[in-house]
Amino acid sequence: MKMTFRWYGSDDPVTLDNIRQIPGMTGVVTAVYSVPAGEVWPTEEIDRMKKEVNDKGLEMEVIESVPVHEDIKLGRGDYKRYIENYKENIRRLAKAGVKCICYNFMPVFDWTRSRLDQPLPDGSNALVYYKEDVDKMDPTKLALPGWDASYSTSEMSQLIDAYKTLGEEGLWKNLDHFINEILPVAAECDVNMAIHPDDPPWPIFGIPRIITTEENIDRFLALYDDVHHGLTLCSGSLGCAKFNDYAAMVRKYAGMGRIHFAHVRNVKILDDGSFEESAHYSPCGSLDIVEILKAYHDAGFNGYLRPDHGRMIWGETGKPGYGLYDRALGAMYMTGIWETLDKCKGE
Ligand code: DNO
């Protein structure tokens, strides 16, 4: 296992110096943020970023994410050109030493929450998903970090309608096409493609979501028979639904060698199926982080792992979910668990 940390580039208030001082950290997970979805990333920018990271003694082997343009997901408009651009990005990143690319196939919205700074009893704050509040939200007027903010209200409502018409099977068909186009390139470049599950793993605002359950992940993996076709398994995304036995999923897919990137965070599931993001430490949430890491360890997992969203603690302000302190605590907690598992196994 290689412990990594998400870094949003030179503008991130969390610096590479901060990250390198977290014990056990091997590298950062980052992306070129200045290029719109669908376009090719300039080689100079990839190389500049790699040098900046490497100069601090860290690796840049994981990209999160190379975004998939909505036209690809909808199979319309300029999708053929965007797929060619996607392949070119894989080639360019491979040349820069990137080994794993995370992406998602969530229509329009990436991860969705009802509030980004819900105060918790201990004085920290965290991202939460309260079902009642989400049901009242108008998706055409929403903006969350990580979402493409370039749509006007009317463009957004047209986009949502297009997905409603496409439906789940239409989305599967377009995913199948995308995978069969890009995977031969990824395999040739020896880059692992790692899809991120839908967060949360159920349809929102009447739009289909498909990377949600074990059954659907099996269907996804069957789209292309090559080890480079794999997963970013995310405990907070799949694990916030009681219908997913998350540790069992880790055991199964890590055992198959198909998890290339592990996102680990904890969530507290509430009675009505809503959830609050919590500290990583198992007793703080509903997931057993030791059991999850043991599942990875037992499978001989040698991919990348990163602490996922943290709370905002100690008065820190910054990008919701991506402050320094709570994620660093999470990283240290998991590095400690991993060391213990190694030693118990006599490694
Ligand atoms: C949330 C992240 C996601 C993830 C994308 C991957 O914090 O895990 O935004 O980066 O879904 O494409």
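Up top is the structure these notes are about.
Criteria and cut-off values
Residues numbered from 1 in each chain as written. Predicted model: local features only at pLDDT ≥ 70, side-chain atom pairs only at ≥ 80, totals over all residues. Heavy atoms only, no water. Near = heavy atom within 4 Å. Polar contact = N/O pair within 3.5 Å; in protein donor to acceptor, adjacent residues only side chain to side chain. Areas by Shrake-Rupley, 256 points an atom, 1.4 Å probe, with all protein chains shown as cover. Helix = DSSP H or I, 4+ residues; strand = E, 2+ residues; numbered from the N terminus. Nonpolar A, V, L, I, M, F, W, Y, C, P; charged D, E, K, R; others polar. 1 Å grid on protein atoms, 1.4 Å probe; cavity = no way out; pocket = protein on both sides within 12 Å on 5 of 7 lines; lining within 4 Å. Points joined across faces, edges and corners; volume = space filled by probe spheres on them. Patch = residues over 30% accessible without salt bridge, like charges linked within 9 Å, V, L, I, M, F, W, Y side chains within 5 Å. Salt bridge = Lys/Arg side-chain N within 4 Å of Asp/Glu carboxyl O. Lys, Arg positive; Asp, Glu negative; His and termini not counted. Charge placed at Lys NZ, Arg CZ, Asp CG, Glu CD. Buried < 20%, exposed > 50% of the residue type's maximum accessible area, 1.4 Å probe, protein only. Core = buried A, V, L, I, M, F, W, Y, C linked by side-chain atoms within 4.5 Å. Pairing = 2+ DSSP bridges. Right-handed = clockwise from strand over helix to strand, strands pointing away. Contact = heavy atoms within 4.5 Å. Phe/Tyr/Trp six-rings, centres within 6.5 Å; stacked < 30°, edge-to-face > 60°. Lys NZ or Arg CZ within 6 Å of the ring centre and 35° of its normal.

Student: I tried to follow the site of the ligand on my own but got confused; where do I start?
Tutor: Taken together, 14 residues sit near the ligand, with Glu64, Ser65, Asn104, His309 and Tyr322 positioned nearest. One of the side-chain N or O atoms of Arg6 is found 3.3 Å from an oxygen atom in the ligand. At 2.4 Å, a side-chain N or O of His309 approaches an oxygen atom of the ligand. Protein contacts shield 98% of the accessible area of the ligand, which totals 330 Å² for the unbound molecule. The biggest single contributor to the shell around the ligand is strand β4 (residues 100-104), with three residues. Residue composition of the shell around the ligand, by class: five nonpolar, five polar and four charged.

Student: Explain unusual backbone geometry here, please?
Tutor: Generally, phi is negative for residues other than glycine and the peptide bonds are trans, each holding for most cases. A cis amide bond links Glu64 with the next residue in sequence, Ser65, at an omega value of -5°. Relative to the assigned elements, Ser65 resides in the loop between β3 (59-64) and α3 (70-74). For the peptide bond that leads from Asp199 to Pro200, omega is -5°, which places it in the cis range. Relative to the elements of secondary structure, Pro200 occurs in the loop between β7 (192-196) and α7 (214-221).

Student: Explanation requested: the layout of surface pockets in the structure shown.
Tutor: One water molecule sets the probe size; rolling that probe over the atoms shows where empty space is left. Of the pockets and cavities examined, the second largest pocket occupies roughly 200 Å³. Taken together, 14 residues line the second largest pocket, and the ones lying closest to its centre are Ile259, His260, Phe301, Asn302 and Gly303. The residue makeup of the lining of the second largest pocket, split by class, is six nonpolar, six polar and two charged.

Student: What exactly am I supposed to notice about a negative patch on the surface here?
Tutor: Together, Glu132, Asp133, Asp135, Asp271 and Asp272 line one region of the surface with negative charge. Counting through the fold element by element, Asp133 comes out in helix α5 (residues 131-135). Judged by relative accessible area, which is 32%, Asp133 ranks as partly exposed.

Student: Looking at this model, I keep getting lost on helix α10 (residues 289-298). Mind explaining?
Tutor: Because each turn of an α-helix spans 3.6 residues, side chains separated by three or four positions end up pointing in the same direction. When α10 is considered as a whole, its buried residues turn out to be Ile289, Ile292, Leu293, Ala295, Tyr296 and His297. By the N-cap criterion, in which a side-chain oxygen at the helix start approaches the backbone nitrogen of a residue two or three places on, α10 is capped by Asp288, the distance to Val290 being 3.1 Å.

Student: Got a minute to help me understand the nonpolar core in this structure?
Tutor: One recurring pattern in soluble globular proteins: nonpolar side chains tend to sit buried together. If you look at the biggest cluster of nonpolar residues, it comprises 98 residues, and the most contacted ones within it are Phe220 and Tyr296. Counting residues per element, this core draws most heavily on helix α6 (residues 153-189), at 14 residues.

Student: How do you make sense of empty space enclosed by the protein when you look at a structure like this?
Tutor: Following the criterion strictly, the structure yields one cavity of 30 Å³ or more and no others. One number sums up the size of the largest cavity: a volume of about 50 Å³. Contributing to the lining of the largest cavity are 13 residues, with Ala37, Gly38, Glu39, Pro67 and Asn89 lying nearest its centre. Here the lining of the largest cavity takes three residues from helix α4 (residues 79-95), the largest share from any one element.

Student: What's the story with the pairing of β7 in this structure? I'm lost.
Tutor: A regular strand carries its side chains on alternate faces of the sheet. The buried fraction of β7 is high, at four of five residues. Judged from the five bridges that link them, β4 and β7 form a sheet pairing that is parallel. Residue pairing for β7: Cys100 is matched across the bridge by Asn192. Pairing analysis gives three bridges linking β7 to strand β8 (residues 229-234), with the strands arranged parallel. Paired with Met193 across the bridge in β8 is His229. Of the crossover connections in this fold, the one passing from β7 over α7 to the parallel β8 is right-handed.

Student: Quick question: what am I supposed to make of a nonpolar patch on the surface here?
Tutor: A cluster of nonpolar side chains, contributed by Trp314, Tyr325 and Leu329, occupies part of the molecular surface with about 360 Å² of accessible area. With respect to the helices, strands and loops of the structure, Tyr325 is situated in helix α11 (residues 325-344).

Student: Can you help me understand the side chain of Arg306 in this one?
Tutor: Mapped onto the elements of the fold, Arg306 is located in strand β12 (residues 304-307). A distance of 3.1 Å separates a polar atom in the side chain of Arg306 from a polar atom in the side chain of Tyr322. Non-local contacts of Arg306, meaning those with residues more than four positions away in its chain, are made with Thr4, Phe5, Arg6, Val29, Glu64, Phe261, Ala262, His263, Val264 and Tyr322.

Student: Just checking my understanding: could you explain the side chain of Asn244 for this structure?
Tutor: If you trace the backbone, Asn244 turns up in the loop between α8 (235-238) and α9 (246-255). If we skip the residues at most four places from it in the chain, Asn244 touches Pro201, Thr212, Thr213, Glu214, Leu238 and Met249.

Student: Just checking my understanding: could you explain the packing of aromatic side chains for this structure?
Tutor: All chains considered together, the criterion is met by 12 aromatic pairs. Judged by centre distance (5.3 Å) and plane angle (35°), the rings of Tyr8 and Tyr33 are tilted. Of this pair, Tyr8 sits in the loop between β1 (2-6) and α1 (16-20) while Tyr33 is found in the loop between β2 (27-30) and α2 (43-54), placing the two residues 25 residues apart along the sequence. The class for Tyr8 is buried, based on a relative accessible area of 17%. For the pair Tyr281 and Tyr333, a centre-to-centre distance of 5.8 Å together with 85° between the ring planes defines the contact as edge-to-face. In this pair, Tyr281 is assigned in the loop between β11 (275-278) and α10 and Tyr333 in helix α11, connecting sequence segments 52 residues apart. The class of Tyr281 is partly exposed, set by a relative accessible area of 48%. Each member of the aromatic cluster is reached from another via a ring pair, and the members are Tyr86, Tyr103, Phe105 and Phe178. Lying across the ring of Trp202, Lys131 places its NZ or CZ 4.6 Å from the centre. If you follow Lys319 out to its NZ or CZ, it ends over the ring of Tyr8, 4.5 Å from the centre.

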